[in-house]
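# Structural overview
Each chain is listed here by its residues.
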Amino acid sequence: MAKSPRTGSLFDAPAPRVFSIDPGRPFLSDLAEGLIDALGDALPHAEIFFPTRRAVRAAGDALLDAYQRRGVNAALLPRFRTIGDIDADELIAFAGDADDEIDFAPALSQTERMVTLARLVAARKGVFAGQENWPAAIAAARELGKLLDAFYTEEIDPAGLRQLDVADAAGHWAKSLEFLTIVTDVWPAHLREIGRMDAADRRAKLISATARRLMASPPAHPVIIAGTTASAPAVARLVRAISAAPVGAVVLPGLDRSMDRRAWDAIDDAHPQSGLKALVDALTLPPDGITPWPKSGEGSARAQLLTLALRPAEATDDWLSLVGAMTADDKGLAAAVQGLSLIEADNEESEAAVIAALFRETAETPDKTAILVTPDRHLSRRVALKMRRWNIVIDDSAGVPFANSACGVFLRLVALYLEDPGDPAVLLALLRHPLFDLGPDRQVGARAIDALDHALRGTRPARGLAGVEANLTASNRLTPEVQAVISTLNAAAADFPSNPAASFAELFDGHIAAAERLAGEEALWSGDDGDAGAALLADLAACADDITLINGRRYADVFASLIAGAAVRPRHDTHPRLAILGPLEARLISADHIILGGLNEGEWPADTAGDPFLSRTMRKGLNLTSPERRIGLSAHDFAALAAQPRVTLTRARRAGGKPSNASRWIVRLKNILTGADAIGAADHSAKWLSIINELDNPDTVQATMRPRPKAGPGRRPDNVSVTRVEKWLRDPYSIYALYLLRLRKLEEPGASFGAREMGSLLHKVFERAALETHFPTPERLRALYDFLAPEYGLSAADRRFWSAAVVESFAWFADFDAERRQQGQIALAEAAGAWTLPDIDPPFTLTAKADRIDIIKDGRAAIFDYKLNRVPSEKQIKYFSPQLSLTGAIVEAGGFRTIGARRVASYAYCRLANRKEKESENALVQAGDDAAAAIAEAADGLMALVRSFDDPQAVYHSQPRPEFTDDFGEYDQLARRKEWGAAEDGDGGDE
């Protein structure tokens, strides 16, 4: 039998027993002390209801701390029960009594409800313009779920939608009502058919059943409900039942009993006290009839300041007199602002850095605690990441989106790979993912992936992975280890159904089987994210058959949408004294330092314009709560937390790349403080912004000098191509990096097909055509082009883009080739030649690959180089681009062995695309004596250049001529050009 409470306790008062703990007081600590005093040995037999699970955990700690302060080291705790709340992102399942649980059908899981609603949306005629769009259907299903939650939580029959008259409203609202037959007709019928209940409906009915049970048969043991604003009707009935129980009590959070009657009567939905006012009115109690909890009722200067700042709009005409009265008692509001800080940062990044610094300050203070409270999940994640710079892991109640966790990212990559195994970017991301199984010898596996990495660079390979395998085989780089990785990838792809008619369930099963094959089943489902993923995917597997009409090529998008709402919450290794909470979870929680972040309008409080299905008028006609009611609940959270002894309020002046508006609560508070000349005592923005700037500023700054790598003995290239001579002249550092350091820039995987690729493709087409015995026609060129294009990664879209330029180029080449064959014969196409310069020690070889060399009728050579778009100017050729003149030197030296040494009659650059009418504007030609002179000058210039770098003191400068700077040098990052270039202010530096 439960023991009775102590004589003279709080429970001796007549029912209804309703108490309040004032804003600014440590709610759970005061509650624990009062309950121990009032109930004594009967406390372990008590039943206590709290709004959230976090409050339950914190209440247990508060009771144990209270016992320890009394010298009791071990104690039995009462039975805690969680109610849940209308604002919860995920509805908390209320556990009713066993008899009540039996009376109600089981609830659908949130995942099953979302999938079923998405199926109903996707099946609607005319939705999404008749196109398959399951990701959009899932998004709509989530919004429909929120509407259903509102109906069930507020106990409003959705059938009321049928009676709404929207004849005078905009036409889309009538369409919205037609769409909402899913809610009024289809969804209830579906639940009846399967014998299940909506979780929100079941929760409301269980709470109501508990209230009826308490009213009909009041328990002998103590029953308390604490910390709730009873915003749902079922919870309000439970509050009424507990307040009337023989040993029952209601403890309200932060009822403002100091508010005058005029202000109380003027409270609207957006006011912090609106929820409590509605509850107190429902209990038929006057605000002064609420009993203060022990240690409460003393009030605080901060709470009075907040009451004044957040006063109802209709009662603000006497603001000046009230502020005057307050400042008369508290000069400069010194007591009210003590412990209060306001920090307005420049942007979200700066705000997160300030909060992280405040957390660091608390972490360095023994036994002190701090919490960040914000509804802005982007801000909370920024702060959590910034704390990693000090190796501090924060308990973030929102967790990490499962889709962004290691397991979630891997599953998404596998889905993308299975949809399109030939996508190099996806394939490389999958291979580089930490969960990808490298095999028993990780080093060997890593080398195999490195080899695949190099093979996948550049444009998308023809035939995907099979094409990569063929290329590696042709180049003798297909090692057994690389073959093993390719075989594993192919086996995983085989797990995924290729049948276009495969169901989502079959695609889902194939996807998970492939993921387990590529990662290993144990590794994939390990850790916090693996546990969360296993639970989520088990729910998805149970309802996979409900997802219909999915095209396999859209599977990855649908899968990403399905897992978008899940989160991973770390369970271990978080800092014991720091936490990040949402406003709902922070209710009733206390800390030495409370930081309220993201205080911008539209974020906290949230934007009120958010219902995609119902207008304000329609919501009012259904008796659904107004959007302002949620603002009132948010305002209550803000006011309760801001009344704590040490509080920091933060916001970003710019958010999302544009100026932001401060929260209405901040604006009102600043107005009061400015009017009382107290803003300077509260605004600590300058101090903390200075601190975070100092965190990233080094003690000393040393200017970065431009690199000066010297040739040194033997540090000159022994062979360079004619195309690289231009780089040597413009940017010697690139020659140093390429030939001496042997560094080559990696291409992007799956790079877009561009001018370089088209140039290479046309070069190959013209090479093949030139070597044929008959004159190439445009039709023959087109056939060669079509045959070769797949090997160069030309997609259908790229083909259409380049179509006009290609046709133009084929027409030009057919005429060009016919004309050249009349003047002589083609000798070489895409041929390699080399010339070792005389009198150079150590030896130096110049190499070239000639696009085309003809032998004209007098035996001399004519050299041609194809440029896709732009040919170099005469000035560029003279100073920096001696490509063809040096090729001519190789020809005259006999470097192209098949044609022997011979004089050069001419050389020309030929433009392939975007040609103009005049040939002279499309080809730069040197012939006769001019060509001979240019060849001799280029050869002499090259010998002088090579000899200059035989000097050990010669420096490989990075782009030493500022007037000819190339802004896109391949080695500029290695040379740290932006750093020293800024230091020299663009003057080019020394040479």
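What you see is a predicted model, and the numbers here were worked out from it, not measured in a lab.

What follows deals with the pairing of strand 1 (residues 18-21). Both faces of strand 1 are covered, namely the face carrying Val18 and Ser20 and the face carrying Phe19 and Ile21. Both strand 1 and strand 5 (residues 248-253) contribute to a ladder of 4 bridges, which runs parallel. Directly across from Val18, in strand 5, lies its bridge partner Val250.

In this section: the side chain of Ser685. The residue Ser685 is located in helix 31 (residues 685-696) in this model. The residues contacting Ser685, other than those within four sequence positions of it, are Leu342, Ile343 and Glu344.

Of the residues in the protein chain, 93% have a pLDDT of 70 or more, and the chain-wide mean is 88. By mean pLDDT, the top-scoring element of the protein chain is strand 14 (residues 593-596) (97), and the lowest-scoring one is helix 37 (residues 874-879) (73). Below a pLDDT of 50 lies the segment residues 917-921, which in the model reaches 3 contacts outside its immediate sequence neighbourhood of four places, other chains included. With pLDDT under 50 throughout, residues 986-991 is counted as low confidence; its partners more than four residues away or in other chains account for 13 contacts.

This part takes up the nonpolar core. Counting residues in each nonpolar core, the largest one holds 91 residues, and the members touching the most others are Phe410, Leu411, Leu431 and Leu489. Counting residues per element, this core draws most heavily on helix 5 (residues 134-153), which supplies 11 residues. Residues Leu28, Ala336, Val373 and Leu596 belong to the second largest nonpolar core, which totals 75 residues.

What follows concerns the pattern of salt bridges. Per the counting criterion, the structure on display carries 56 salt bridges. When the shortest N-O distance is used, the salt bridge between Arg517 and Asp495 registers 2.9 Å. Here Arg517, found in helix 22 (residues 504-519), pairs with Asp495, found in the loop between helix 21 (480-494) and helix 22; they are 22 residues apart in sequence, far enough to count as distant. Assessed through its relative accessible area of 42%, Arg517 is described here as partly exposed. Across the pair Arg554 and Asp557 runs a salt bridge, and its minimum N-O distance is 3.2 Å. Overall, Arg554 belongs to the partly exposed group, its relative accessible area being 24%. You can call Asp557 partly exposed: its relative accessible area is 39%.

Turning next to the packing of helix 18 (residues 424-432) against helix 19 (residues 442-455). Each pair of packed helices gets described by two things: the angle between the helix axes and the distance between those axes. Closest axis-to-axis distance for the helix 18/helix 19 pair is 10 Å, and the angle between their directions is 165 degrees. Between helix 18 and helix 19, the angle is such that the two are roughly antiparallel. In this structure, the crossing between helix 18 and helix 19 has a hand that is left-handed. On the side of helix 18, the interface is formed by Leu428, Leu431 and Arg432, while helix 19 contributes Ile449, Asp450, Leu452 and Asp453. Looking at side-chain class alone, the contact of helix 18 with helix 19 contains 4 nonpolar, no polar and 3 charged residues.

Attention now goes to helix 20 (residues 464-474). Three or more residues of helix 20 are buried, namely Gly464, Leu465, Gly467, Val468 and Leu472. Within helix 20, the buried residues cover an arc of 155 degrees as seen down the axis, which keeps them to one side. Packed against the buried residues of helix 20 are helix 17 (406-419), helix 18, helix 19 and helix 21.

The next subject is the packing of helix 21 against helix 22. At a minimum axis distance of 8 Å, the contact between helix 21 and helix 22 shows a crossing angle of 165 degrees. As summarised for this structure, helix 21 and helix 22 are arranged roughly antiparallel, according to the angle between their axes. Crossing angle aside, the handedness with which helix 21 passes helix 22 is right-handed. Contacts between helix 21 and helix 22 involve Thr488, Leu489, Ala491 and Ala492 from the first element and Ala514, Arg517 and Leu518 from the second.

Together, Leu741, Leu743 and Leu974 line one region of the surface with nonpolar side chains, adding up to about 230 Å² of accessible area. On the secondary structure map, Leu974 appears in the loop between helix 39 (928-948) and helix 40 (977-983).

Within the structure shown, the criterion is met by 26 aromatic pairs. Residues Phe801 and Trp802 carry aromatic rings whose centres are separated by 5.6 Å and whose planes lie at 85 degrees to one another, so their mutual orientation is edge-to-face. Relative accessible area serves as the criterion here: at 67%, Phe801 is assigned to the exposed category. Residue Trp802 is classed as buried on the basis of its relative accessible area, which comes to 11%. Ring geometry for Phe813 versus Phe816: centroids 6.1 Å apart, planes at 45 degrees, classification tilted. Here Phe816 and Phe813 lie together in helix 36 (residues 796-823), a separation of 3 residues that amounts to about one turn. With respect to class, Phe813 is no different from Phe816; both count as buried.

This part is about the state of the cysteines. What the rule picks out here adds up to 0 disulfides. No disulfide involves Cys407; its sulfur sits 17 Å from that of Cys543, the nearest cysteine. Classification of Cys407 by relative accessible area gives buried; the value is 0%.

We now examine helix 18. In an α-helix there are 3.6 residues to a turn, and that puts residues three or four apart on one side. Every buried residue of helix 18 is listed here: Pro424, Val426, Leu427, Leu428, Leu430 and Leu431. Turning to helix 18, the residues buried within the fold contact helix 17, helix 19, helix 20, helix 21, helix 22 and strand 18 (749-751). With a side-chain oxygen lying 3.1 Å from the backbone nitrogen of Ala425, the N-terminal cap of helix 18 falls on Asp423.

What counts, and where the lines are drawn
- Starting afresh in each chain, residues are numbered from 1 along the sequence in its written order.
- Where totals are concerned, whole chains, interfaces and linings use all residues; where local detail is concerned, this predicted model gives features only for residues with pLDDT of at least 70, and gives and counts side-chain atom pairs only at 80 or more.
- To obtain the side-chain values, all non-hydrogen atoms of the structure were used and water was disregarded.
- The rule is simple: take the accessible area with a 1.4 Å probe, protein chains only, and divide by the maximum for that residue type; under 20% is buried, over 50% is exposed, in between is partly exposed.
- The secondary structure listing takes helices from DSSP runs of H or I that are at least 4 residues long and strands from runs of E that are at least 2 residues long, numbered from the N terminus.
- When DSSP finds at least two bridges between two strands, those strands are taken to pair.
- For this analysis, residues touch if any pair of their heavy atoms sits within 4.5 Å.
- The predictor attaches a confidence to each residue, and that confidence, scored 0 to 100, is pLDDT.
- As used here, the term nonpolar core means buried Ala, Val, Leu, Ile, Met, Phe, Trp, Tyr and Cys residues forming a set that is joined through side-chain atoms within 4.5 Å.
- We count a salt bridge whenever a side-chain nitrogen from Lys or Arg sits within 4 Å of a carboxyl oxygen from Asp or Glu.
- For helices, the fitted line uses only the C-alpha atoms of the stretch in contact; every axis is such a line through C-alpha atoms, and the angle between N-to-C directions lies from 0 to 180 degrees.
- With respect to orientation, any angle under 35 degrees is reported as roughly parallel, any angle over 145 as roughly antiparallel, any angle of 65 to 115 as roughly perpendicular, and every other angle as oblique.
- Throughout, a crossing is termed right-handed when the near helix is turned clockwise from the far one, and left-handed when it is turned anticlockwise from it by less than a right angle.
- The residue classification treats Ala, Val, Leu, Ile, Met, Phe, Trp, Tyr, Cys and Pro as nonpolar and Asp, Glu, Lys and Arg as charged. All others, Gly included, are polar.
- Taken from the helix axis, the directions to the C-beta atoms give the arc we talk about.
- A patch is a set of surface residues, each over 30% in relative accessible area and not in a salt bridge, joined within 9 Å for like charges and within 5 Å for the nonpolar side chains Val, Leu, Ile, Met, Phe, Trp and Tyr.
- Areas reported as accessible are Shrake-Rupley estimates using a 1.4 Å probe. Residue values count occlusion only from the protein chains shown.
- Here a pair means two rings of Phe, Tyr or Trp (six-membered ring of Trp) with centres within 6.5 Å. Their orientation is stacked below 30 degrees between planes, edge-to-face above 60, and tilted elsewhere.
- Criterion for a disulfide: a pair of cysteine sulfur atoms within 2.5 Å.
- Here a polar contact means two N or O atoms within 3.5 Å. Within protein one must be a hydrogen donor candidate and the other an acceptor candidate, and residues neighboring in sequence count only if both atoms are side-chain atoms.

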